[in-house]
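# Overview (structure and organization)
One-letter residues, chain by chain:
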Amino acid sequence: MYRYDEFDHDFVEARVAEFSDQVQRRLAGEITEDQFRPLRLMNGVYLQLHAYMLRIAVPYGTLNSRQLRMLGHIARKYDKGYGHFTTRQNIQFNWPALSDIPAILADLASVEMHAIQTSGNCIRNVTADHFAGAAADEVADPRPYAEILRQWSSVHPEFSFLPRKFKIAVTGAERDRAAIQTHDIGLHLKKNAAGELGFAVYVGGGQGRTPMVAKKIRDFLPEADLLSYCTAILRVYNLYGRRDNKYKARIKILVHETGVEEITRQIEAEWQELKDAELKLPEADIQAINAYFAPPALADRPEGDVAVKQARLDSKSFSEWLDQNVVTHRHPDYAAVTISLKGIGEVPGDATDSQMEAVADIAEKYAFDELRVSHEQNLILPHVARADLKAVYDALVEIGLATANSNLISDIISCPGLDYCALATARSIPVAQEISRRFASLERQREIGELKLKISGCINACGHHHVGHIGILGVEKKGSELYQVTLGGSADENTSVGEIIGRGFSSEEITDAIEQIVETYLGLRLNPDERFIDAYRRVGPAPFKEALYAGETKAA
Amino acid sequence: MKVLTANRLSDGIAVWYADGGWSEAVGHADIAHDKVAEDRLEAIGATAAANNQVVDVNLIDVTVVDGVVEPVRLREKIRAAGPTIRTDIGKQANPEAARAA
């Protein structure tokens, strides 16, 4: 993975020193909260309901064992023994004291981590496919390009005060696991007919109160033009994006109001001025960054086939975990493992200090020291020899992280909601927990098949409810929590925004409503291979409305 | 009925104005029953913010149940107790604060 060079070290250390000084001056009363707020936000420090919250960047979701161990250490020493992995592949701590933040940032810097640009109207952590570098269907590893974008966008003088925040995601496979069409810029790394690498470029996706699917504005951008083209997009946005209304300030609104054709023309015109200048990526630089992401030397381990076959016979639970949480690797003797942070009834995305340390140990011993955070709030071991899968499974069982529910209904994305978040209007975690408990039976979950359920506790949609096959949005109505259900959303290569199905449900009703929706699907699907989303796209909302509200209509 | 709440500058912990200081429990917060009292609390909050004791100062609606102050809105109830999904942490986990509340 990427290692800091001298410049990175100096930059992060200088920022730690600068922000530590700002914290001290704030605590001493030398600067006001109005002066301090933008400074703390630039360094990932929010004020939430109960305490400050620190959001730490995990660039493109990639971690090594040393870093995860440090996160465990921070959870134990400065927080309440746990951390929360987020849909931006980052981690948040919910309880740090402001006076401890300088020490936390110094600890992070010692393992090449920081919290810079995890908030504010700047280019945020660039996200990527969590199976990058391992996936069998990958054209090339998207992370070197995410790293190039990270370097370019870090304290970029022109793009540090944009109209609003800006998010970029990169995938290197046709099968989009990075939800690129829900981002301000989505990049699909691909090869053209000549075998050259480049990107399909999508612009103007986003969720929040005005969900939009990104528009493809270029089918193939040569890799050397990545920075000049992104600069052109950001320039057009920075110039024309609305600053009069924060709810209309994201690039999705600009794309929508300007029209795809016109904004593409503007971007291309800007790019013509930039494309052959200093932003053109030299091949040597691309190669140099690529070298950091050189895959580990994967020795042949053909004994894995027999080992897995035998272990399957010995353990039904291992066999189920293998079916659900283990995916094909580009090397036939290896696999990529999803460590579910969605134990039945647990808080989605939370991990304790000792779990983080134990997972770090597993990664060090069995997975070439590599880990990923997925935007679905799970951890990933991208390279595990099939021969070691049983040992990894056993180690995960010991720490309570072997739930075999990847991509099933209990693998729920959930924002922190009103239990923590100052912006939330309703709780989301308890809803996730109750649904998870209702569908606790793995047999039942597997019978239902792939089902992406996503919950947000306010319209800002951090829980990605718009693109859940089933989405739940919590709002406050007349002093009570009310949950709106959307159906038919999807965040893959066929991204769609879900449709509101009807009136909302109280916290007592919502789990029954979800069960009703699932039962309706089971009753109408053509066969067990027809996933929920496919069935919904075939039949539309009518049968689900009928199941949920028919009694009411008749009564009315 | 309103009480004054904020977060402490140094550690961000939610606090309520009571007996001339800032308490970690809402239970015995000073109650404003009328506009004059609300203005007084607001002035206290503005001074405390200006003195860098607290941040994010707000007046919130409360009721009194068995002599104990309780916030009206769910958001403020959760601030006063802690996350509903982790009753082992937050103010609800601290017996002293719970008694005071």
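This part is about the overall build of chain B. Helix and strand counts for chain B come out as three helices and five strands. Moving toward the C terminus, one meets the helices and strands of chain B in the order β-β-β-α-β-β-α-α. Computed over the C-alpha atoms, the radius of gyration of chain B is 13 Å, within 12% of the 13 Å expected from 2.2 N^0.38 for a compact globule of 101 residues. Projected onto the principal axes, the alpha-carbon positions of chain B cover approximately 35 × 30 × 20 Å. Buried residues in chain B amount to 38% of all 101 residues.

Despite not being glycine, A:Ala179 has its phi angle at roughly 55 degrees, a positive value. Positionally, A:Ala179 belongs in the loop between β7 (168-171) and β8 (185-191). For A:Ala179, a count of 25 C-beta atoms within 10 Å puts it in the buried group. The residue B:Asp56 is not glycine, and still its phi comes out positive at about 50 degrees. Within the secondary structure layout, B:Asp56 lies in strand β4 (residues 54-65). Classification of B:Asp56 as partly exposed rests on a count of 17 C-beta atoms within 10 Å.

The next subject is the interface of chain B and chain A. Each partner contributes to the interface: chain B provides 22 residues, whereas chain A provides 22 residues. The element contributing the most residues to the side of chain B that touches chain A is helix α2 (residues 74-81) of chain B, with four residues. Considered class by class, the residues forming the side of chain B that touches chain A number 10 nonpolar, seven polar and five charged.

What follows covers the pairing of strand β9 (residues 197-203) of chain A. All names here are of chain A. Counting buried residues in β9 gives five out of seven residues, a clear majority hidden from the surface. Across seven bridges, β8 lies against β9 in antiparallel orientation. Bridge assignment links Lys190 to a residue of β9, and that residue is Gly198. As consecutive antiparallel partners, β8 and β9 are separated by five residues, and within that stretch Gly195 has a phi angle of approximately 85 degrees, a positive value.

Attention shifts here to the sheet that holds strand β14 (residues 370-373) of chain A. All names here are of chain A. If you walk across this open sheet you meet the five strands as β3-β14-β15-β12-β11, and the pairing is antiparallel. Bordering the open sheet on either side are β3 (62-64) and β11 (326-328), each of which pairs with just one other strand. The sheet shows a mean angle of 30 degrees between the axes of neighbouring strands, direction not considered. Along the sheet face, helix α12 (residues 353-366) touches β12 (334-339), β14 and β15 (379-385) and points at about 25 degrees away from the line of β15.

Before going further, it helps to examine the domain arrangement of chain A. Residue and element names in this part refer to chain A. Segmentation of chain A into domains returns domain 1 (6-109), domain 2 (142-292), domain 3 (304-398) and domain 4 (413-555). For domain 1 versus domain 3, the distance between C-alpha centres works out to 29 Å. Listed by partner, the interface residues are 21 residues for domain 1 and 21 residues for domain 3. Where the side of domain 1 that touches domain 3 is concerned, the elements lending two or more residues are β3, α3 (65-78) and β4 (82-85). Among the elements that line the side of domain 1 that touches domain 3, the one with the most residues is α3, at seven residues. In the side of domain 1 that touches domain 3, the residues fall into seven nonpolar, 11 polar and three charged.

All names here are of chain A. The strand order β1-β2-β5-β4-β13 describes an open sheet built from five strands, whose pairing is antiparallel. Unpaired on one side and paired on the other, β1 (45-47) and β13 (350-352) mark the two borders of the sheet. Between one strand axis and the next, the sheet turns through 30 degrees on average, direction left out of account. With three bridges joining them, strand β2 (residues 52-56) and strand β5 (residues 91-93) adopt antiparallel strand pairing. Pairing of Ile56 across the sheet is with Ile91, part of β5.

This part is about helix α16 (residues 510-524) of chain A. Residue and element names in this part refer to chain A. Between its first and last C-alpha atoms α16 spans 21 Å; for 15 residues at 1.5 Å apiece the expected length is 21 Å, and the two agree. Those residues of α16 not exposed but buried are Ile510, Ala513, Ile514, Ile517, Val518 and Tyr521. Buried positions in α16, seen along its axis, are confined to an arc of 135 degrees and lie on one side of it. For α16, the exposed residues set more than 90 degrees away from the buried face come down to Asp512, Glu519 and Gly523.

Quick look at helix α8 (residues 260-274) of chain A now. Residue and element names in this part refer to chain A. If you check α8, its first and last C-alpha atoms are 21 Å apart, about what 15 residues at 1.5 Å a residue would give, namely 21 Å. Taken residue by residue, α8 has Ile263, Thr264, Ile267 and Trp271 as its buried positions. The buried residues of α8 occupy one face: seen down the axis, they fall within an arc of 100 degrees. Counted as exposed and oriented over 90 degrees from the buried face of α8: Glu261, Glu262, Ala269, Gln272 and Glu273.

All names here are of chain A. Interhelical geometry of helix α1 (residues 6-27) versus helix α4 (residues 101-109) gives an angle of 175 degrees and a closest axis separation of 9 Å. Classed by the angle they form, the pair α1 and α4 counts as roughly antiparallel. Between α1 and α4, the contacting residues are Val12, Glu13, Val16, Phe19, Ser20 and Val23 on the first element and Ile101, Pro102, Leu105, Ala106 and Ala109 on the second. Its residues assigned to classes, the contact of α1 with α4 comprises nine nonpolar, one polar and one charged.

Residues and elements named next belong to chain A. Core analysis: the biggest nonpolar cluster contains 150 residues, and Ile233 and Leu381 have the highest contact counts within it. Here Leu381 is in contact with Ala336, Val337, Ile339, Ala363, Ala367, Leu371 and Val392, once residues within four sequence places are set aside. The next biggest cluster of nonpolar side chains, apart from the first, holds 34 residues, and it includes Ile429, Ile435, Tyr483 and Leu548.

Residue and element names in this part refer to chain A. Locating Glu112 in the fold gives a position in the loop between α4 and β6 (127-128). A count of 18 C-beta atoms within 10 Å places Glu112 in the partly exposed class. A C-alpha to C-alpha distance of 6.6 Å links Glu112 and Tyr4, two positions 108 residues apart in sequence.

All names here are of chain A. Residues Leu453 and Ile455 of strand β17 (residues 453-456) are buried on one face, and the alternating residues Lys454 and Ser456, pointing to the opposite face, are buried as well. In the sheet, β17 pairs with strand β18 (residues 470-477) via four bridges, with the strands oriented parallel. Residue pairing across strands places Leu453 opposite Ile470, the latter belonging to β18.

About the thresholds
- Residues numbered from 1 in each chain as written.
- Chains lettered and ligands numbered in written order.
- Predicted model: local features only at pLDDT ≥ 70, side-chain atom pairs only at ≥ 80, totals over all residues.
- Helix = DSSP H or I, 4+ residues; strand = E, 2+ residues; numbered from the N terminus.
- Rg over C-alpha atoms; globule rule 2.2 N^0.38 Å.
- Buried ≥ 20, exposed ≤ 12 C-beta atoms within 10 Å, placed from the backbone.
- Contact = placed C-beta atoms within 7 Å.
- Nonpolar A, V, L, I, M, F, W, Y, C, P; charged D, E, K, R; others polar.
- Pairing = 2+ DSSP bridges.
- Axes fitted to C-alpha atoms, helices over the stretch in contact; angles between N-to-C directions.
- Domains from an automatic or database assignment.
- Expected span 1.5 Å × (residues − 1).
- Arc of directions from axis to C-beta.
- Parallel < 35°, antiparallel > 145°, perpendicular 65-115°, else oblique.
- Core = buried A, V, L, I, M, F, W, Y, C linked by C-beta atoms within 7 Å.

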